[in-house]
Amino acid sequence: MSVNAQPTQEPTSTGEKTIQILLVEDEEAHAELIRWEFESAPVSVDLIAVQTLQQANDTLAELTPDLVITDLLLPDGKGTDLLPRARVGAGFPCVIMTSHGDEQAAVGAMKAGAFDYVVKSGVTLADMPHIAQRVLREWRHLAERKKAEEALRKSEERYRHLFENIRDAAFLADTETGEIVDANLQAETLLGKARDQIIGMHQTQLHPPEKPGEYKEIFRRHVEGEGGRDTGGEIVRADGTTVPVSITAAAMIIHGRNLILGLFRDITERKQAEDELHETIRLNRAFLDALPCVAMLLRPDREVVLSNRAAENVRAVPGRRCYATFGKRSDPCPWCLAPAALATGEEQHIEIEAIGSVWDAHWVPVGPDLCLHYAFDITDQRRAEEKLLDHQEQLRSLASELSLAEERERRHVATALHDRIGQALAVSKMKLAAMRQELSGSDHSEPMNEIIDLIEQTIQDTRSLTLELSPPVLYELGLEAALQWLAEEFHSRHAIACEFKDDGADKPLDDDIRIVLFQTARELLANVAKHARAGSVTIAVARAGNHIILSVQDNGIGFDTDDTASLPRKTGGFGLFNIRERIEHLGGCLDLHSQPGKGSCIKLTAPLTDES
């Protein structure tokens, strides 16, 4: 039976949420009285009434009510069978109803997890809306308290995890009293004392007793935020020995209490290293003076601690700021990497042009507050390198121009062979053929036939030479047609399968690039024929954005790409080195892939013209 005190679960006009209650009661009179009381109550209630334990379980399988009110004794079981789902965190509280004489059973139900129980009577049943409101109110309060307790527990766990995993000795002290209220395992190790011995100590007891005023002042400055990031000091261990430490502190509020966190780091080794460094510098001053560079030892504020003669010559002397002497500035040089070297503990290096020279500058951290700075004047070296690069570029340009000039001359000679010699031979052949016709049957016919055959062979040789010098198809039909002809010519001449592939995209090219790509393809095919021992070759061209990609791939013996420097000597002609130089001069690049026994693939990438 389902009884709804309100037709829906929509909020009431006052904004209150409808309360959903599951009532498990097999006595219809009691269920009807409870329903009537909830209908008369000022709260909005969706009351679902069932009579058996099975019906209750079926209902709970489909929904989670705000409250379950169940009779202790049901026709098919006990209301306590619903209790495991009614524990805190399960989603709803459960109220057990008992008859007179069942109080002991009700108390047992409370221990098993019931939230409350009532003894059936006209008064308690009539008061069920108030009981429900009280139970729900207490349930919410309990849930909120549990949630707050869980949040506090997690917060405590996070704090303890962070506190214990700080790599430095950590102390928490009360900012008002100076009393230490907590310490981590590193603090126990540093002091040689157990945590319970440390807690309760005054912060001044951490330090040598002859300097209480000094450490009180340090503590005050840290509390007021004036102590700085890192303060030096000493602590006294349990065995009476003192240890040099660096101290970093920060004020904070934990659980409403004003505390200060102090992090103490043992710097014994660092101090020893500093002492050894100073001794090393003193002993090696003669060596520093012999260095052909400016060298100086700097503090974090760029004050010169030690300098060699070269640095002193530019007035970088101890006691002065290096930027004011060497850099001739009123503030630190913007390119100075001393702070980075000290912060990272790693050497820093830069080449910079300053005060009229080019410097190869280095900063080497040699202690927590010391940095060795040395700089070589490499002005002459850089000028020589720039001149060399200029000469190399000029040589590349000259080589490219020579190659293009060679191609123009080839084309000129090929044109001359075709237009002059070829045509003259063709005319001579026609005239001799006419003369042979007139002299047919005479003794001169046979010599005439031999002369005509010789001229015909000369014409064929002239055509072949013309194609080898500069194939007209490259200029008349473009790169793709020329490569197609080259593939066919290669197959015909060397009996090696040669396939040409073209993606069909438009590829507008400058004449210089078209010539270089064709020459390179011809040179690579010649190398394949001479050295690759290949059974097949593929020439492919494709467009990629504003570039053309030409590839020549074979299935030959391949080679070690690390040995490409010697290939020009092995292959003759351009060689891969020359090919790379030429294509890079025109704004392209060469990509080489090969392994011994696995063939080779050489790709050339070159820019298309602007009209693309």
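Residues numbered from 1 in each chain as written. Predicted model: local features only at pLDDT ≥ 70, side-chain atom pairs only at ≥ 80, totals over all residues. Heavy atoms only, no water.

Some words on helix α1 (residues 28-40)
Note the threshold: In this text, helices come from DSSP runs of H or I with a minimum length of four residues, and strands from runs of E with a minimum of two, each type numbered from the N-terminal end. Helix span, expected: 1.5 Å multiplied by one less than the number of residues in the helix. Buried means the residue's accessible area, taken with a 1.4 Å probe over protein chains only, is under 20% of the maximum for its type, while exposed means over 50%, and partly exposed covers the values in between. Along the arc lie the directions from the helix axis toward the C-beta atoms. In this description, contact between two residues means that some pair of their heavy atoms is separated by no more than 4.5 Å.
Look at α1: 18 Å from first C-alpha to last across 13 residues, which is about the 18 Å you get at 1.5 Å a residue. Every buried residue of α1 is listed here: A31, I34, R35, E37 and F38. Relative to the axis of α1, the buried residues are bounded by an arc of 160° and lie together on one face. Turned more than 90 degrees away from the buried face of α1 sit E28 and A29, all of them exposed. Those residues of α1 that are buried lie in contact with β1 (19-24), β2 (45-50), β3 (67-71), β6 (94-98), α4 (122-126) and α5 (128-164).

So, the nonpolar core
Quick note on the threshold: The term nonpolar core refers to a set of buried residues drawn from Ala, Val, Leu, Ile, Met, Phe, Trp, Tyr and Cys, joined through side-chain atoms within 4.5 Å.
Judged by nonpolar contacts, the single largest core of 38 residues is most densely connected at L483 and L517. Elements represented by at least two residues in this core include exactly α17 (479-494), β18 (497-502), α18 (511-532), β19 (536-544), β20 (547-554), α20 (575-585), β21 (589-594) and β22 (600-607). When residues in this core are grouped by element, the largest group, nine residues, is from α18. Among all residues touching L483, those that are not within four sequence positions of it are F500, F518, A521, I539, V541 and L550.

Things to note about the sheet that holds β22
Cut-off, in case you're wondering: Two strands make a pair as long as DSSP finds a minimum of two bridges between them. Fitted lines through C-alpha atoms give the axes, limited to the stretch in contact for helices. The angle between two N-to-C directions lies from 0 to 180 degrees.
Strand order across the open sheet formed by five strands is β18-β19-β20-β22-β21, with mixed pairing between neighbours. Each edge of the open sheet carries a strand with a single partner, namely β18 and β21. Sheet twist, expressed as the mean angle between neighbouring strand axes with direction ignored, is 10°. With eight bridges joining them, β20 and β22 adopt antiparallel strand pairing. Looking across to β22, one finds that S551 is bridged to K603. Its contacts with the sheet place α17 against β18, β19 and β20, and it is angled at close to 170° to β18. Taken strand by strand, α18 contacts β18, β19, β20 and β22, and its axis lies near 10° from that of β20.

Digging into the pairing of strand β12 (residues 257-266)
Relative to β12, strand β8 (residues 169-174) runs antiparallel, the two being bridged by six bridges. Counterpart to A170 in the pairing with β12 is L263. Pairing between strand β11 (residues 242-254) and β12: 10 bridges, direction antiparallel. Among the inter-strand pairings, A250 is bridged to a residue of β12, identified as L261. Linking β11 to β12, which pair antiparallel, is a turn of two residues; within it H255 sits at a positive phi near 55°.

A word on helix α2 (residues 53-62)
For α2, every residue scored as buried is listed here: L53, A56, T59 and L60. Along the axis of α2, the buried residues cluster in a sector spanning 125°; they form a single face. Of the exposed residues in α2, those oriented more than 90 degrees away from the buried face are A61 and E62. Buried residues in α2 make contact with β1, β2, β3, β4 (73-74) and β5 (77-78).

Observations concerning the sheet that holds strand β13 (residues 294-298)
With antiparallel pairing, the five strands of this open sheet are ordered in space as β14-β13-β17-β16-β15. With one partner strand each, in any of the chains shown, β14 (304-307) and β15 (348-354) form the two edges of the open sheet. On average, each strand axis in the sheet is tilted by 25° relative to the strand beside it, whichever way the strands run. Summarising the sheet, β15 and strand β16 (residues 357-367) pair through seven bridges and their orientation is antiparallel. For I350, the partnering residue across the bridge sits in β16 and is A361.

Regarding the pattern of salt bridges
Where we set the bar: Salt bridges, as used here, are contacts in which a Lys or Arg side-chain nitrogen is within 4 Å of a carboxyl oxygen on Asp or Glu.
Summed over the entire model, instances satisfying the criterion amount to 17 salt bridges. A salt bridge links D174 to R257, with the shortest nitrogen-to-oxygen separation between them at 3.2 Å. Of this pair, D174 sits in strand β8 while R257 sits in strand β12, placing them 83 residues apart in sequence. Accessibility expressed as a relative area gives 10% for D174, which makes it buried. A salt bridge links R321 to D301; the shortest N-O distance between them is 3.5 Å.

The quantities given are spatial measurements derived from coordinates; they are silent on function.
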